[in-house]
Amino acid sequence: MTLQIGIHDIAIATGHYALDLALLAPVHGVDFDKFRVGLGQEVQTVVAPDEDIVTLGAAAAQQILARHGSEGIHTILFATESGIDASKAAAVYVQDLLGLPSTVRAVELKQACYGGTAALQLAAALVARDPGGRVLVIASDIAAYDLDSSGESTQGAAAVAMLVSAEPAVAVLDPVSGVFTSNVMDFWRPTYRSTPRVDGKLSISVYLDAVEHAWKDYEAKGGHSFTEFAAFCYHQPFTRMAYKAHTRLLEINGCAATPPRLEADLATTTHYNRRIGNSYTASLYVGLVSSLDHGEDLTGRPVAMLSYGSGCVAEFFSVTPVAGYRDQLRADANRSLLAAREPITYDGYRQLRMRARNGSDGDVAFDTVTTGRFRLSGVSDDKRIYLSLAR
Ligand code: COA
């Protein structure tokens, strides 16, 4: 019998504040409908000064450890494109915060928003080599563009943690995937910059071309036929991007991309992203959790996954939910997580951004704002100090 490998558990976390984009629209001199309808974004998460990719990632992973313990976990793969250190892996801080044993391998991966998918595929390969072991995959990002730039409406923050194992309780990672890599300058962040350089319009057209190339590679490798997919999840820098990408995929496959067809295929995958904003590496998997939390029973029915990371790498693959997966979901908790964020005014958000450290400000102690279990209490001698508050 073939060994089934995939997602044994999946959990999400997001930041403390919620910025209603209706407050951002007048600052940009546009109608809110440009964001709400044109981009498909209503709210974006804004992190507190005592939150970062580590605290978000640990908060997502903690939910998995609380349910499954740490037994068998031998590797943490932490994917991010908003890294806090050019050398030290965020995974090492997470190993410490979660109290995982020192025998755990901890490493960070990067390729823009694609990094989480690279981590998932590498995790599956590690489990294939040692089926008794488990790998903790974390995708965690804070998307922040220059103030007053057009990218500001597509910011956000979230983390997704996945426990990858043999005989998974949520979904099997199907073995075929189609890949496309091309050296393009649509989005990049040199190490001396805190915000990315981005050619937004180019990034959309490159994303769409990458969908086509990755799908063709997937087809050539003998994946599922297009009609077999029960749902579709895309990387969502903004939720309308999923509609653009799915339109391209439908057309390639000779199907009419009518509004009812697009809604039927995509509505369930956008609920959380529309209210979190872009979460880079986590975004595709936030979309998957949204689909599982809101969709019909997908047991045994492949869900198409399209991962895109600017620069660019794209991958088309699928996951197939297994019997009983619905018992593993945290739909009520996820909805509460989003609803519990503290609303922030535009001025409050702008002050937070203006006060953000640029990395050379010396020692700092952050006020306690987050109500989460993990917080960044300060920076001393260029060392980040994290706290885990007992519950
Ligand atoms: N009501 C409804 N829709 C409206 C509207 C209104 N009042 N005003 C504008 N729109 C629509 C536009 O027609 C457009 O839709 P379309 O793309 O289907 O044509 C959409 O809103 C966005 O408008 P646009 O003028 O293109 O927005 P922008 O110049 O602010 O740029 C991004 C949008 C996404 C390019 C920009 O936010 C960005 O660079 N983001 C970061 C990079 C990114 O997310 N890239 C995605 C691929 S990785």
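That block above? That's the structure.
This report concerns the structure included in the present document.

1. Some thoughts on empty space enclosed by the protein
Logical step 1: Enumeration according to the criterion identifies one cavity of 30 Å³ or more in this entry.
Logical step 2: Estimated volume of the largest cavity: approximately 50 Å³.
Logical step 3: Along its surface, the largest cavity is lined by D9, I10, V170, V289, D293, Q328, L329, R330 and N334.
Logical step 4: Only β1 (5-14) and α10 (283-294) provide two or more residues apiece to the lining of the largest cavity.

2. Brief notes about the sheet that holds strand β17 (residues 374-380)
Logical step 1: With respect to topology, three strands assemble into an open sheet ordered β16-β17-β18, the strand pairing being antiparallel. Strands at the two margins of the open sheet, each flanked by one partner only, are β16 (364-365) and β18 (383-388).
Logical step 2: Where β16 meets β17, two bridges bridge the pair, whose relative direction is antiparallel. For V364, the partnering residue across the bridge sits in β17 and is V379.
Logical step 3: Of the strands in this sheet, β17 and β18 touch helix α3 (residues 53-68), which is tilted by about 155° from β17.
Logical step 4: Helix-sheet contacts for helix α4 (residues 90-97) involve β17 and β18, and the interaxial angle to β18 is about 30°.

3. Digging into the pattern of salt bridges
Logical step 1: For the structure shown, the criterion picks out 17 salt bridges.
Logical step 2: Measuring nitrogen to oxygen at the nearest pair gives 3.0 Å for the salt bridge that ties D148 to R350. Taken together, the residues span a long stretch of sequence, with D148 in the loop between β6 (134-143) and β7 (156-166) and R350 in helix α12 (residues 346-355) at a distance of 202 residues.
Logical step 3: Assessed through its relative accessible area of 45%, D148 is described here as partly exposed.
Logical step 4: Among the ionic pairs, E212 bridges to K216, the shortest N-O distance being 3.1 Å. Of this pair, E212 and K216 both sit in helix α6 (residues 200-220), four residues apart, which is roughly one turn of that helix.
Logical step 5: For E212, a relative accessible area of 23% corresponds to the partly exposed category.
Logical step 6: When salt bridges that share partners are traced, they join D209, E212, K216 and R248 into one network.

4. A word on the layout of surface pockets
Logical step 1: Reported here for the second largest pocket is a volume of approximately 710 Å³.
Logical step 2: Looking at the second largest pocket, it is lined by 33 residues, and the ones nearest its centre are S150, G151, T154, G200 and F238.
Logical step 3: When residues of the lining of the second largest pocket are traced back to their parent elements, those giving at least two are α2 (32-39), β11 (197-198), α6 and α7 (239-252).
Logical step 4: Broken down by element, the residue count for the lining of the second largest pocket peaks at five residues, all from α6.
Logical step 5: Its residues assigned to classes, the lining of the second largest pocket shows 15 nonpolar, 12 polar and six charged.

What counts as what
- Residues numbered from 1 in each chain as written.
- Predicted model: local features only at pLDDT ≥ 70, side-chain atom pairs only at ≥ 80, totals over all residues.
- Heavy atoms only, no water.
- 1 Å grid on protein atoms, 1.4 Å probe; cavity = no way out; pocket = protein on both sides within 12 Å on 5 of 7 lines; lining within 4 Å.
- Points joined across faces, edges and corners; volume = space filled by probe spheres on them.
- Helix = DSSP H or I, 4+ residues; strand = E, 2+ residues; numbered from the N terminus.
- Pairing = 2+ DSSP bridges.
- Contact = heavy atoms within 4.5 Å.
- Axes fitted to C-alpha atoms, helices over the stretch in contact; angles between N-to-C directions.
- Salt bridge = Lys/Arg side-chain N within 4 Å of Asp/Glu carboxyl O.
- Buried < 20%, exposed > 50% of the residue type's maximum accessible area, 1.4 Å probe, protein only.
- Nonpolar A, V, L, I, M, F, W, Y, C, P; charged D, E, K, R; others polar.

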